[in-house]
Amino acid sequence: MEQLALISYLSVVAGNRRGATREVDVPIGHAVSLALPTLRYGIPAYAAFASPAVREPEQPVVQGPPDRWWLLDARSGAVAMFALCSLHPFAKEQFTKVTLPQPVGTVAELRQQLNEIQSLMDKLAPNFLRGEQGEAEVRHQLHRALRARIPQVLWPQYEALAPDFMAWLAT
Amino acid sequence: MTGDAHSAGWELSSEASFMKDAEPLTDVSRYLDVLPDNTEVLVVGDVERFRDCNHKQGANDLGFLGTCGLVSCEDVLRQFGIEATETSVVNYAARHGLCDISATPPECGGTTEYSQAQLLTELGVPAHAEFGNSQEQLTQYIEEGRGVIIEVNAGELWNSPEHLGFGEINHAVVVTGVARDPVTGEIEGFYINDSGRGYRSDSGRFVDTDVMRYAWEAVGGTCVVTDIVRSTSI
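Residue numbers here run from 1 along each chain, matching the order of that chain's written sequence. Working convention: letters from A go to chains and numbers from 1 go to ligands, in the order in which they are written. Confidence filtering applies because this is a predicted model: local features only for residues at pLDDT of at least 70, side-chain atom pairs given and counted only at 80 or more, and all residues used for totals across whole chains, interfaces and linings.

(A) Here's a closer look at the overall build of chain B. Only DSSP runs of H or I covering at least 4 residues are called helices, and only runs of E covering at least 2 are called strands; the numbering of each starts at the N terminus. Summing up its helical and strand segments, chain B has seven helices and eight strands in all. Residue burial is a threshold on neighbouring C-beta atoms within 10 Å of the residue's own C-beta, all placed from the backbone, with 20 or more meaning buried, 12 or fewer meaning exposed, and counts in between meaning partly exposed. Burial status across chain B gives 50% buried among its 234 residues.

So, in structure tokens, the structure goes:
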């Protein structure tokens, strides 16, 4: 059987905020989530959300609840959907404003951590989107990396965004 | 450390061969300067004059704090001799749907590269958004006398882990000058006006090419560039 052709995670990251067709309208200054693969809408896709954020010097970032989200078709990178959460939320839960904790590590270390996550996602996302199990150890590695990088206060938002992927990752 | 070439007694070195073939540009300052690490550079751009175009964002009557893009637009408008304040720009943008007004006031004021370009154009300085640019292209725009806003990651720009997010574009600043090696012409870095932190040193701040690579090029090389060049002093 011909394998489903998917775009790479790195190309998703590159086009995430702007979107292939300029349909993703995200104000500069909003916090943009990591993109997560999901099949919950019937197509192989990457989902992401953005939240307003207040950044003051030498103060922790205060991030509002997600106010917009979108799906990129994982076969083409095209924007499959873009919605304001006020009109079409991705979760039943009402999220609230949170103060983000101070990240652990230097900018260079955090950059490297993000590169590792993107590399693992590049390897694993196709397995998930094709309905395959993938290597258990790599799944667990990515799960640990995401747990280390995504602030605990935001974890429920990611679980709501892609519950199928998050459950698959934890098995 | 900085100053007019005449007052400092500096002249361009005759060895600056890369300059000999360059077309002369009018009204874009050029002067020799010394970086904090004592590297001598040729600065192109009105860095000193445009320091006063910058201020800490959030100085508007609507209480919007996410106004880095709008303050950058204000900066560019003033560079072109157009009277503007953050309040006037924010109010215009809010009325015309050119900034985000959907959240609480401190969270409002965010723009996109498209709305920044549209705002500049409507307020008198035609501009457009570009993506995937390089530092060489940025240098060309500065040396041509164009106004340039770049979209950056604040964590990389400020070496601040808490403002890194997931490496996305989350801030906008204005580029006011470029520093080159006076002999080889190699780009040493850029000068920016940054409204984000309220530090005096963020007006005309020197940013080296490594920081520019991570803060700007690696996150998309996105900028808003004026279609016209400055031809008269403000």
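(B) Layout of the interface of chain B and chain A. The partner chain A presents 26 residues to the 31 residues of chain B that form the contact. Contributing elements (two or more residues each) for the side of chain B that touches chain A: α2 (68–79), α6 (154–158) and β5 (171–180) of chain B. Residue contributions to the side of chain B that touches chain A peak at three residues, all from α6 of chain B. Each residue is assigned to one class: nonpolar for Ala, Val, Leu, Ile, Met, Phe, Trp, Tyr, Cys and Pro, charged for Asp, Glu, Lys and Arg, and polar for all the others, Gly among them. The residue makeup of the side of chain B that touches chain A, split by class, is ten nonpolar, 14 polar and seven charged. Each residue is represented by a C-beta atom placed from its backbone, and any two residues with such atoms within 7 Å are regarded as in contact.

(C) Up close: helix α2 (residues 107–129) of chain A. Residue and element names in this part refer to chain A. Taking 1.5 Å as the rise per residue, α2 with 23 residues should run 33 Å; its terminal C-alpha atoms sit 32 Å apart, in good agreement. Within α2 the residues assigned to the buried category are Val107, Leu110, Ile117, Gln118, Met121, Leu124, Ala125, Pro126, Phe128 and Leu129. Once α2 ends, the next one or two residues include Gly131, with phi positive near 80°. An expected span of 1.5 Å times one less than the residue number is assigned to each helix.

(D) Looking closely at the sheet that holds strand β4 (residues 53–54) of chain A. Residues and elements named next belong to chain A. Only strands that DSSP links by at least two bridges are regarded as paired with each other. Here we have three strands laid out as an open sheet, ordered β4-β5-β8, and antiparallel in their pairing. Strands at the two margins of the open sheet, each flanked by one partner only, are β4 and β8 (98–99). In this structure, strand β5 (residues 62–63) lies alongside β8, joined through two bridges in antiparallel fashion. Paired with Gln63 across the bridge in β8 is Val98.

(E) Broad picture of the nonpolar core. For this analysis, nonpolar core means a set of buried Ala, Val, Leu, Ile, Met, Phe, Trp, Tyr and Cys residues linked through C-beta atoms within 7 Å. Within the largest apolar cluster, 99 residues are counted, with the highest numbers of intra-cluster contacts made by Tyr46 and Ala47 of chain A together with Leu120, Val148 and Val152 of chain B. Apart from residues no more than four positions distant in its own chain, Ala47 of chain A is found in contact with Ala35, Leu36, Thr38, Trp69, Leu71, Leu161 and Ala162 of chain A.

(F) Just the pairing of strand β4 (residues 146–152) of chain B, in detail. Residues and elements named next belong to chain B. Across the seven residues of β4, seven count as buried, placing the element largely inside the fold. Neither face of β4 is open: one carries Arg146, Val148, Ile150 and Val152, the other Gly147, Ile149 and Glu151, and all of them are buried. Pairing analysis gives four bridges linking β4 to strand β8 (residues 223–229), with the strands arranged antiparallel. Bridge assignment links Ile149 to a residue of β8, and that residue is Val224. Of the pairings in the sheet, the one linking β4 to β5 comprises five bridges and is antiparallel in character. By the bridge assignment, Val152 is partnered in β5 with His171.

(G) View of the packing of α2 of chain B against helix α4 (residues 113–122) of chain B. Residue and element names in this part refer to chain B. With axes taken as lines fitted to C-alpha atoms, and helix axes fitted only over the stretch in contact, angles between N-to-C directions fall between 0 and 180 degrees. At their nearest, the axes of α2 and α4 sit 10 Å apart, and the two run at 35° to each other. Relative to α4, the crossing made by α2 is right-handed. Residue-level contacts link Gly69, Ser72, Cys73, Val76 and Leu77 of α2 to Gln116, Leu119 and Leu120 of α4. Crossings are assigned a handedness: left-handed for a near helix turned anticlockwise from the far helix by less than a right angle, right-handed for a clockwise turn.

(H) Expanded view of the environment of Ala45 of chain A. Residue and element names in this part refer to chain A. With respect to the helices and strands, the residue Ala45 is situated in strand β3 (residues 45–51). A tally of 23 C-beta atoms within 10 Å means that Ala45 is categorised as buried. Linking Ala45 and Leu71, residues 26 residues apart in sequence, is a C-alpha distance of 6.1 Å. With residues up to four places along the chain from it excluded, the contact list for Ala45 reads Thr38, Leu71, Leu72, Asp73, Ala74 and Ala80.

(I) Inspection of the confidence of the model for chain A at higher detail. Summary statistics for chain A give a mean pLDDT of 91 and a share of 94% for residues scoring 70 or more. Mean pLDDT values over the elements of chain A span from 77, in helix α1 (residues 9–15) of chain A, up to 98, in helix α4 (residues 155–161) of chain A. Confidence scores here are pLDDT values: one per residue, from the predictor, ranging 0 to 100.

(J) Representation of the environment of Leu154 of chain A. All names here are of chain A. Here Leu154 shows up in the loop between α3 (136–149) and α4. Since 19 C-beta atoms lie within 10 Å of it, Leu154 is described here as partly exposed. Taking C-alpha positions, Leu154 is 24 Å from Pro44, a pair spaced 110 residues apart along the chain.

(K) Looking closely at unusual backbone geometry. Phi is positive for Glu58 of chain A, close to 55°, though the residue is something other than glycine. The exposure class assigned to Glu58 of chain A is exposed, which follows from the 8 C-beta atoms found within 10 Å. With a phi angle near 70°, Asn38 of chain B is a residue other than glycine that sits in the positive phi range.

(L) The packing of α2 of chain A against α3 of chain A, seen in detail. All names here are of chain A. Interaxial distance between α2 and α3 falls to 10 Å at its minimum, and their mutual angle equals 145°. With respect to the hand of their crossing, α2 and α3 are arranged in left-handed fashion. Taken together, the residues of α3 that come into contact with α2 (itself represented by Gln113, Leu114, Glu116, Ile117, Leu120, Met121, Lys123 and Leu124) are Val138, Arg139, Gln141, Leu142, Ala145, Leu146 and Arg149. Split into classes, the residues belonging to the contact of α2 with α3 amount to nine nonpolar, two polar and four charged.

(M) A look at the environment of Gln133 of chain A. Residue and element names in this part refer to chain A. Of note, Gln133 is situated in the loop between α2 and α3. Under the C-beta neighbour-count criterion, Gln133 is labelled exposed, with 10 such atoms within 10 Å. When the C-alpha positions of Gln133 and Leu169 are compared, they lie 9.4 Å apart, and in sequence the two are 36 residues distant.

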